[in-house]
Amino acid sequence: MQKYDYLIVGAGLFGCVFAHEATKKGKKCLVIDKRNHIGGNVYCENIDGINVHKYGAHIFHTNDKAIWDYVNQFASFNNYINSPLSISKGKLYNLPFNMNTFYQLWGIKTPNEAKEIIDKQIKEYGFKTPQNLEEQALSLVGKDIYEALIKEYTEKQWGTKATNLPAFIIKRLPVRYTFNNNYFNDAYQGIPIGGYNKIIDGLLEGIDVKTNVDFFKDKNTLIDSANKIVFTGKIDEFYNYKYGQLEYRSLRFEHEYLKSENFQGNAVVNYNDTNVAHTRIIEHKHFEFGKQKHTVITREYPEKWSLEKEAYYPINNNENQTTYQQYKALSLQENNIIFGGRLAEYKYYDMHQIIASALQKAKQEFSS
Ligand code: FDA
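Residues numbered from 1 in each chain as written. Predicted model: local features only at pLDDT ≥ 70, side-chain atom pairs only at ≥ 80, totals over all residues.

J.: I would appreciate a short explanation of the overall build of the chain in the present structure.
T.: Across its full length, the chain carries 11 helices and 16 strands. Radius of gyration (C-alpha) of the chain: 22 Å, near the 21 Å computed for a compact globule of 368 residues. By principal-axis analysis of the C-alpha atoms, the chain measures approximately 70 × 50 × 35 Å. At a minimum sequence separation of 6, the contacts of the chain that also span at least 24 residues come to 73%. (Helix = DSSP H or I, 4+ residues; strand = E, 2+ residues; numbered from the N terminus. Rg over C-alpha atoms; globule rule 2.2 N^0.38 Å. Contact = placed C-beta atoms within 7 Å.)

Right, dumping it as structure tokens:
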């Protein structure tokens with residue numbers, strides 16, 4: 001086998017950005033992924049002209065001009081603004097919580113009226129030192145918003161009562177006293193025209209890539225093939241679960257092709273109530289203002305995680321953090337292995353954060 005400078009395990013955003021930067025420095029890289037495609041969780045499958053976000057809705061947003069310029073090298077972005085809706089007890093609400101939501105909840109029209117209701121409910125139902133997610137949410141937004149738009153959605157998402165969840169899961173709940181449905185506050189936002197694959201293809205141009213290759217199935221040969229490894233898979237798996245398994249929440253995506261033009265009129269609609277098993281329906285064409293005569297929708301179901309399922313959201317409790325810190329300590333002793341990305345760092349990262357983190361790792365690596 002040819003000797004590479006870097007074997008990069010995982011063709012997600014982290015691996016691809018690192019490979020791109022290493023190649024720019026004249027290094028020879030091999031990128032492998034156990035899936036049958038590149039791109040990791042940002043991968044889009046083109047179904048009859050519609051880019052389907054196979055692993056959940058991905059909206060790019062950042063406040064960092066340098067990261068925005070970085071991704072714009074590979075694709076132009078459209079001006080999609082994420083403005084999700086939520087269905088609760090048969091009624092439709094705008095998100096994030098803003099004057100439109102307050103009008104839908106209470107029929108009020110001015111910021112002062114909304115503020116008065118929310119402040120009164122926080123006083124009445126809030127807690128000085130919230131002990132769980134329910135108490136925290138009540139202390140931040142009061143009873144009506146919590147009950148209509150947070151409680152059941154969160155319980156479905158995490159598969160347990162809100163009173164069993166730690167308060168720190170919700171640090172802030174942005175409440176806006178303007179009629180502004182833009183979910184993000186960031187200066188830059190959009191969807192890459194042509195889908196995320198365009199960015200991934202650009203990052204990996206000229207780099208050797210092998211899909212359907214699981215690092216652990218042929219570890220020794222793969223290790224021998226390169227001087228250094230960049231590992232973006234699960235850190236606990238790397239160390240053969242010697243301190244135990246890190247836990248995740250999983251998701252199941254059910255994609256459906258419909259011969260109608262417009263299913264829900266919006267890319268993202270949340271389903272709050274527990275009597276509906278899915279938490280969201282995504283209608284992909286609306287991310288790119290598609291005009292096709294057909295559409296593709298995806299229902300997203302939160303699921304209990306087990307080893308054979310995809311790991312999506314780290315369960316950030318003390319036990320898992322303690323276990324992760326043990327694995328991290330081991331990883332810091334490695335000389336020729338760089339750990340990075342959401343699975344190796346056991347951390348939820350947005351795309352702009354993962355790109356920043358890979359650029360930072362590459363900078364450290366190539367400045368010495
Ligand atoms: P990623 O998981 O993408 O890549 C890791 C790769 O390693 C995978 O392809 C995997 O197959 C491979 N791998 C693992 N083990 C291996 C092995 N043993 N051998 C070979 N290959 C192996 N962010 C955002 O900014 N806006 C958004 O709207 C969203 N939306 C969103 C929705 C959902 C449902 C989730 C779960 C996440 C988001 N994100 C997001 C976050 C975004 O998905 C995330 O930041 C990046 O995909 C992380 O990239 P990584 O490269 O770290 O992991």
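J.: I'm lost on the sheet that holds strand β1 (residues 4-9) in this one. Help?
T.: Within a sheet, neighbouring strands are paired by backbone hydrogen bonds and run either parallel or antiparallel to one another. Ordered in space as β9-β2-β1-β10-β16, the five strands form an open sheet in which the pairing is parallel. Looking at strand neighbours, the two that pair on one side only are β9 (208-210) and β16 (337-339), the edges of this open sheet. In this sheet, neighbouring strand axes are inclined to one another by 20° on average, regardless of whether the strands run parallel or antiparallel. (Pairing = 2+ DSSP bridges. Axes fitted to C-alpha atoms, helices over the stretch in contact; angles between N-to-C directions.)

J.: Explain the UniProt feature "domain: UDP-galactopyranose mutase C-terminal" (unreviewed entry) in the chain here, please?
T.: Look at the UniProt record and you will see "domain: UDP-galactopyranose mutase C-terminal" (unreviewed entry) annotated at residues 149-348. With 22% helix and 23% strand, residues 149-348 has its two end C-alpha atoms placed 23 Å apart. (UniProt positions renumbered as here; feature names shortened; annotations may be inferred.)

J.: Where do I start with the sheet that holds strand β12 (residues 268-271) in this structure?
T.: One open sheet holds the seven strands; their spatial order is β7-β6-β12-β13-β14-β11-β15, and the pairing between them is mixed. Across the chains shown, the open sheet's two edge strands, defined by having one partner strand only, are β7 (91-94) and β15 (313-314). With respect to the sheet, helix α6 (residues 143-158) is in contact with β6 (85-88), β7, β11 (248-258), β12 and β14 (295-304), its orientation differing from that of β6 by roughly 90°.

J.: Would you take a moment to explain the site of the ligand for this structure?
T.: With respect to spatial proximity, 34 residues lie near the ligand, and among them G10, G12, G40, G56 and G233 are the closest. Every element with two or more residues in the shell around the ligand is listed here: α1 (13-24) and α11 (351-367). Grouping the amino acids of the shell around the ligand by side-chain chemistry returns 17 nonpolar, 11 polar and six charged. (Near = placed C-beta within 6 Å. Nonpolar A, V, L, I, M, F, W, Y, C, P; charged D, E, K, R; others polar.)

J.: Where do I start with the environment of Q104 in this structure?
T.: Examined against the element boundaries, Q104 turns out to sit in helix α3 (residues 99-106). When the C-alpha atoms of Q104 and N240 are compared, they prove to be 52 Å apart, with 136 residues separating the residues in sequence. If sequence neighbours within four positions are ignored, Q104 has contacts with K91, Y93 and N94.

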